[in-house]
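# Analysis of the macromolecular model
These are the residues of each chain, in order.
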Amino acid sequence: MKFTTILAGAVALAAMTAAVSAGPALKDAYKNAFVIGAALNAGQITGQDAKSDEIVVREFSAISPENDLKWERIHPAPDGYHFDIADQYVAFGQAHNLYTVGHVLVWHAQTPRWVFQDAQGKPISKDALLERLRSHIFTVVGRYKGKIKAWDVINEVVGDDGKMRQSPWYQIGGEELFVKAFQWAHQADPKAELTYNDYNIENPDKRAEALALVKRLKAAGAPITTVGIQAHYMLGEPDLKLLDETIGEFAKLGVKVALTELDIDVLPRPGNGATADVALSLAADPKYNPYVNGLPADVQQKLTERYAQVFAFALKHKDVVNRITTWGVTDNDTWHNGWPIRGRTAYSLLFDRAYQAKPSVAAIISEAQK
Ligand code: 9MR
């Protein structure tokens, strides 16, 4: 081979490497603080979205399954489990040495109705529901023992009114069901981190009940290790001082804290601000979808500052915070494109629609280097 050909190849390779690793990776910048994760959708899990996978492997040290380990996906009917995509998700984590999270065991959404009903469609007894849950937990947590390192055991069990959410799980099984869910998950994988996960628990009313709940569950013998602050934020809400306080309050209970589903919605939204209530659905109106042709520089700047602030507060508490996960990889994926109004152009994540790092990434990295 001619020297010039070799040289051309080397130059091309160097250019490629430069494009792939322009600066330190997020995971490397944070390796002395906590793991940094992204939620994966089915396209990313199965390798169809190879460009996102490249970002995940390069930048992140943890993964969560956005939808594919939820009850309706893996256990849609009483007599069978579908583990195809879930297995691929866990294999991806193993292949790339990523801290692999399981989401979710007990949730009021994306759980099929049959779980709570008998063959005639009538509500089942507490004992029958406990047995279904026990069997599900041992099957699923057991299957991925040692590979899934943290499970969201109970999700969104406190309502926005600061009272326990009246879900079928709670109405039929009471708090005892939550305690048992933690105990069974622990028996199925004694080393797994076990999380109570919720949104808006920075809000003082909801936080008060969430704190009281963690105390009650611990007192009743639930091996809860971690509280997951979902962190579905908007540009202006919540006041991030509340995040700072909330991490501090949970730390006092002797649990770790993870930011499990971080994203920041820049789009205007009618109504009462930051929430992640999946039941919310609002009518489309162009005034709520203002950035179809791109994000104005001043909004990008605000988004960047907001992301940097979130990470700065987490770093302040790095003795107790063990993970920050963003709820998706690029803006192509964010659930905010479809919620609470369908068909919008959202900008909630760290990588843009062309798979490029947004300015937020450099700002987050510079927080770790301060
Ligand atoms: O991001 C998920 C979206 O694709 C689903 O349509 C939605 C349906 O319930 O669930 C989203 O993920 C939620 C997560 O599982 C729990 N916390 C709130 C998240 C955003 O809604």
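Residues numbered from 1 in each chain as written. Predicted model: local features only at pLDDT ≥ 70, side-chain atom pairs only at ≥ 80, totals over all residues. Heavy atoms only, no water.

## Some thoughts on the packing of helix α11 (residues 297-316) against helix α12 (residues 359-368)
Interhelical geometry of α11 versus α12 gives an angle of 30 degrees and a closest axis separation of 8 Å. It follows from the interaxial angle that α11 and α12 lie roughly parallel. Considering how the two elements wind past one another, α11 and α12 form a crossing that is right-handed. Across the interface between the two elements, Gln300, Leu303, Thr304, Tyr307, Ala308, Phe311, Ala312 and Leu315 of α11 pack against Pro359, Ser360, Ala363, Ile364, Glu367 and Ala368 of α12. Of the residues contributing to the contact of α11 with α12, the split by class is 10 nonpolar, three polar and one charged. (Axes fitted to C-alpha atoms, helices over the stretch in contact; angles between N-to-C directions. Helix = DSSP H or I, 4+ residues; strand = E, 2+ residues; numbered from the N terminus. Parallel < 35°, antiparallel > 145°, perpendicular 65-115°, else oblique. Left-handed = near helix turned anticlockwise from the far one by under 90°. Contact = heavy atoms within 4.5 Å. Nonpolar A, V, L, I, M, F, W, Y, C, P; charged D, E, K, R; others polar.)

## Some thoughts on the site of the ligand
Close contacts around the ligand come from 14 residues, with Glu66, Lys70, His103, Glu156 and Glu261 the closest. The separation between an oxygen atom of the ligand and a polar side-chain atom of glutamine 110 is 2.9 Å. Taking tryptophan 327, its side chain carries an N or O atom lying 2.9 Å from an oxygen atom of the ligand. Contact with the protein chains covers 83% of the free accessible surface of the ligand, which is 450 Å². Partitioned by chemical class, the residues of the shell around the ligand number four nonpolar, six polar and four charged. (Near = heavy atom within 4 Å. Polar contact = N/O pair within 3.5 Å; in protein donor to acceptor, adjacent residues only side chain to side chain. Areas by Shrake-Rupley, 256 points an atom, 1.4 Å probe, with all protein chains shown as cover.)

## What about the environment of valine 278?
In this structure, valine 278 sits in the loop between β8 (256-265) and α11. Valine 278 gets classed as partly exposed once you look at its relative accessible area, which sits at 39%. Along the chain, valine 278 and glutamine 110 lie 168 residues apart, while their C-alpha atoms are 10.0 Å from each other. Once residues lying within four places of it in the same chain are set aside, the contact partners of valine 278 are Trp107, Ala109 and Trp339. (Buried < 20%, exposed > 50% of the residue type's maximum accessible area, 1.4 Å probe, protein only.)

## Considering the packing of aromatic side chains
The full count for this structure, using the stated rule, is 11 aromatic pairs. Here the aromatic rings of phenylalanine 116 and tryptophan 169 are separated by 4.9 Å at their centres, their planes lie at 80 degrees, and the arrangement is edge-to-face. One end of the pair, phenylalanine 116, is in the loop between β3 (99-106) and α7 (126-143); the other, tryptophan 169, is in helix α8 (residues 168-188), with 53 residues separating them in the sequence. Judged by relative accessible area, tryptophan 169 falls into the buried class, the value being 1%. Each ring, one from tyrosine 291 and one from tyrosine 347, has its centre 6.5 Å from the other, and the planes form 70 degrees; the classification is edge-to-face. Of this pair, tyrosine 291 sits in the loop between β8 and α11 while tyrosine 347 sits in the loop between β9 (321-326) and α12, placing them 56 residues apart in sequence. On the basis of relative accessibility, which here comes to 16%, the residue tyrosine 291 falls in the buried class. In textbook terms, an aromatic cluster arises when at least three aromatic residues are bridged by ring pairs, as seen for Trp71, Trp114, Phe116 and Trp169. When the ring centre of tyrosine 199 is taken as reference, the NZ or CZ atom of lysine 206 above it lies at 3.8 Å. (Phe/Tyr/Trp six-rings, centres within 6.5 Å; stacked < 30°, edge-to-face > 60°. Lys NZ or Arg CZ within 6 Å of the ring centre and 35° of its normal.)

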